[in-house]
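# Summary of the model geometry
Residues per chain are reported as follows:
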Amino acid sequence: MSVLAVSTSVAQNENVSAGLGSYLPLFLLFVLAAGFAVFSALLGPLVGPRRYNRAKFEAYECGIEPSPQPVVGGGRVPVAYYLTAMLFILFDIEMVFLYPFAVSADAIGFFGLVEIVLFIATLGFAYAYVWRRGGLDWN
């Protein structure tokens, strides 16, 4: 091997190790997070209170008393729960689309402003419709 080839390969190895060195803080953060998680999971049962009772060993069913037998027919779930979930998805997606606009508002100019106003107006009409239909009332 020539001297030039050896010096080139050494320089490339130094560049690779210097490039990987920038990931060292990220790696240390992952190690610290994993260590904290393991430490917390192992230390909790050792130092926590040990007051066991019958209620702690039962299954928790959203505040409803658990029954030993399943309900025949499954029971009915109010539609308001599903409507709330759909409204959450609607307005959550709105935020996903508004964030890029907020970041690049200067770059897209007046056209972007008009587009985002139309987008918010469309969602405002949907919100007003749901409000008028009583979808936000919990009585």
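Fair warning: this is a prediction, and the values are worked out from it, not measured in the lab.

### What to know about the overall build of the protein chain
- A tally of helices and strands in the protein chain yields 4 helices and 0 strands.
- Along the protein chain, helices (α) and strands (β) appear in the sequence α-α-α-α when read from the amino end.
- Counting across all 139 residues of the protein chain, residues that qualify as buried make up 6%.
- For the protein chain, the computed accessible surface area is about 12,500 Å², with 71% contributed by carbon and sulfur atoms.

### Remarks on helix 4 (residues 105–132)
- Helix length check: helix 4, at 28 residues, gives a terminal C-alpha distance of 33 Å against a target of 40 Å (1.5 Å per residue), a shortfall beyond 12%.
- At Phe111, helix 4 shows its largest kink, close to 75°.
- Among the residues making up helix 4, those that are buried are Gly112, Ile116, Leu123 and Val130.
- Downstream of helix 4 by one or two residues, Gly134 has phi in the positive range, about 85°.

### Quick notes on the confidence of the model for the protein chain
- With 71% of its residues at a pLDDT of 70 or more, the protein chain has an overall mean of 78.
- Confidence scores differ between elements of the protein chain, with helix 1 (residues 3–21) showing the lowest mean pLDDT of 58 and helix 2 (residues 24–47) the highest of 93.

### Digging into the packing of aromatic side chains
- Under the criterion given, the structure shown has 3 aromatic pairs.
- When the centroid spacing of 5.6 Å and the interplanar angle of 80° are considered together, the rings of Phe91 and Tyr127 count as edge-to-face. Note that Phe91 is positioned in helix 3 (residues 79–103) and Tyr127 in helix 4, a separation of 36 residues in sequence.
- Summarising the aromatic geometry, the rings of Phe97 and Phe119 are spaced 5.9 Å apart at their centres and angled 80° between planes, so their arrangement reads as edge-to-face. One end of the pair, Phe97, is in helix 3; the other, Phe119, is in helix 4, with 22 residues separating them in the sequence.
- Take Phe119: its relative accessible area is 27%, and that puts it in the partly exposed class.
- Ring pairs connect the aromatic residues Phe91, Tyr127 and Trp131, which therefore count as one cluster.

### A short note on the environment of Phe119
- Sequence separation of Phe119 and Leu98 is 21 residues, and the distance between their C-alpha atoms is 9.2 Å.
- Those residues in contact with Phe119 that lie beyond four places of it in its chain are Glu94, Phe97 and Leu98.

### Some remarks on a nonpolar patch on the surface
- The grouping of Leu20, Tyr23, Leu26, Leu29, Phe30 and Leu32 at the surface amounts to a nonpolar patch, some 680 Å² of accessible area in total.
- Inspection of the secondary structure puts Tyr23 in the loop between helix 1 and helix 2.
- According to the relative accessible area criterion, Tyr23 is exposed, its value standing at 52%.

### Description of the side chain of Glu94
- By the element assignment, Glu94 lies in helix 3.
- Buried charged residue Glu94 carries no salt bridge. Nearest counter-charge: Arg133, at 19 Å.
- Apart from residues no more than four positions distant in its own chain, Glu94 is found in contact with Phe119, Ile120 and Leu123.

Procedures and definitions
- Residues numbered from 1 in each chain as written.
- Predicted model: local features only at pLDDT ≥ 70, side-chain atom pairs only at ≥ 80, totals over all residues.
- Heavy atoms only, no water.
- Helix = DSSP H or I, 4+ residues; strand = E, 2+ residues; numbered from the N terminus.
- Buried < 20%, exposed > 50% of the residue type's maximum accessible area, 1.4 Å probe, protein only.
- Areas by Shrake-Rupley, 256 points an atom, 1.4 Å probe, with all protein chains shown as cover.
- Expected span 1.5 Å × (residues − 1).
- Bend = angle between axes of the 7 residues up to and from the residue.
- pLDDT = per-residue confidence, 0-100.
- Phe/Tyr/Trp six-rings, centres within 6.5 Å; stacked < 30°, edge-to-face > 60°.
- Contact = heavy atoms within 4.5 Å.
- Patch = residues over 30% accessible without salt bridge, like charges linked within 9 Å, V, L, I, M, F, W, Y side chains within 5 Å.
- Salt bridge = Lys/Arg side-chain N within 4 Å of Asp/Glu carboxyl O.
- Lys, Arg positive; Asp, Glu negative; His and termini not counted.

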